[in-house]
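Single-letter residue listing:
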Amino acid sequence: CKSNSSTYWDVLLDRGKWISAVAADDSHTNKKDMFLGWTMIKAKDLRLKTIMQALREGCFYSSSGPSIYKLDIEADLISIECTPVKEINIVANRYLGRKYKAEAGQVITKMDIILKKPKWAKIDPTYFRVEIVDQDGNRAWTNPFRWEIR
């Protein structure tokens, strides 16, 4: 069983294969294993054409629990608002990501993050994506964004 394929996804992204990822259930026999992954689509309306266009354009995020209410990316600033989570991860090429954890007994619902290449990095990053993790270990993740060094 390979319920979380994010490692494989990041390897593909690191190799320049630009793909989005959705969350979906693949339950065949057990009701307790149903409704544990879904894709939240940002579309003007619920017409099939509009939904498919939003999917093609990457206007969605996927989740197994937490919700992302707002995600703004302006130059090197990432602003996120979400349901209460214990950590926000910036996932990027190989080892260039960062993890932001809530203090013990606290949660994060809003954060501004400056995106910058670590001084010690030997490679230039090409992508990043945002992943949030709630108190129960459930995750939500964005599609990848191009990381352009300024």
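Everything in this summary refers to the structure shown in the same document. Everything numeric in this text was worked out from a predicted model, so none of it was measured. All chains use their own residue numbering, which begins from 1 and follows the written sequence. Local features in a predicted model are, by the rule used here, given only for residues with pLDDT of at least 70; side-chain atom pairs are given and counted only at 80 or more, and totals for whole chains, interfaces and linings are based on all residues. The side-chain numbers reported here are obtained from all heavy atoms of the structure, hydrogens and water having been left aside.

**Some details on the pattern of salt bridges**
Two side chains of opposite charge can pair, provided their charged atoms sit close to one another. Salt bridges are defined as contacts in which a side-chain nitrogen from Lys or Arg sits within 4 Å of a carboxyl oxygen from Asp or Glu. Across all of its chains, the model carries eight salt bridges by this definition. With its nearest N and O atoms 2.5 Å apart, the salt bridge here joins Asp124 to Lys117. Residue Asp124 is classed as partly exposed on the basis of its relative accessible area, which comes to 48%. Overall, the relative accessible area of 28% leaves Lys117 in the partly exposed class. For every residue, the accessible area obtained with a 1.4 Å probe (protein chains only) is divided by the maximum for its type, and the residue is called buried under 20%, exposed over 50%, and partly exposed between those limits.

**Thoughts on the packing of aromatic side chains**
What characterises a pair of aromatic rings is the spacing of the ring centres plus the angle enclosed by the ring planes. Centres within 6.5 Å are what make two rings of Phe, Tyr or Trp a pair, Trp counting through its six-membered ring; a difference in plane orientation under 30 degrees is then read as stacked, over 60 as edge-to-face, and the rest as tilted. Evaluation of the coordinates by the stated rule reveals three aromatic pairs. Taken together, a centroid distance of 5.4 Å and an interplanar angle of 25° make the contact between Phe128 and Phe145 stacked. Of this pair, Phe128 sits in strand S8 (residues 127-133) while Phe145 is found in strand S10 (residues 145-146), placing the two residues 17 residues apart along the sequence. Residue class for Phe128 comes out buried when judged on its relative accessible area of 2%. Put simply, the rings of Phe128, Phe145 and Trp147 touch in pairs and so form one group of aromatic residues. The aromatic ring of Trp18 is capped on one face by Arg146, whose charged end is 3.9 Å from the ring centroid. Secondary structure elements follow DSSP: runs of H or I of four or more residues count as helices, runs of E of two or more count as strands, with numbering from the N terminus. The criterion is that NZ of a Lys, or CZ of an Arg, lies within 6 Å of the ring centre and within 35 degrees of the ring normal, and then a charge sits over that ring.

**A look at the layout of surface pockets**
Of the two site types, the cavity is a set of points on a 1 Å grid over the protein atoms alone where a 1.4 Å probe fits but cannot get out, and the pocket is an open set with protein on both sides within 12 Å along at least five of seven lines, each lined by residues with an atom within 4 Å of a point. Grid points are joined across faces, edges and corners, and a volume is the space filled by probe spheres set on the points. Here the second largest pocket defines a volume of roughly 350 Å³. Lining the second largest pocket are 16 residues, with Lys42, Cys59, Phe60, Tyr61 and Leu71 sitting closest to its centre. For the lining of the second largest pocket, the secondary-structure elements that each account for two or more residues are strand S1 (38-41), strand S2 (60-63) and strand S3 (68-74). The leading source of residues in the lining of the second largest pocket is S3, at five residues. Here the residues of the lining of the second largest pocket sort into nine nonpolar, three polar and four charged. Classification used: nonpolar for Ala, Val, Leu, Ile, Met, Phe, Trp, Tyr, Cys and Pro, charged for Asp, Glu, Lys and Arg, polar for all others including Gly.

Note that every value here comes from positions in space, so none of it alone points to a role or purpose.
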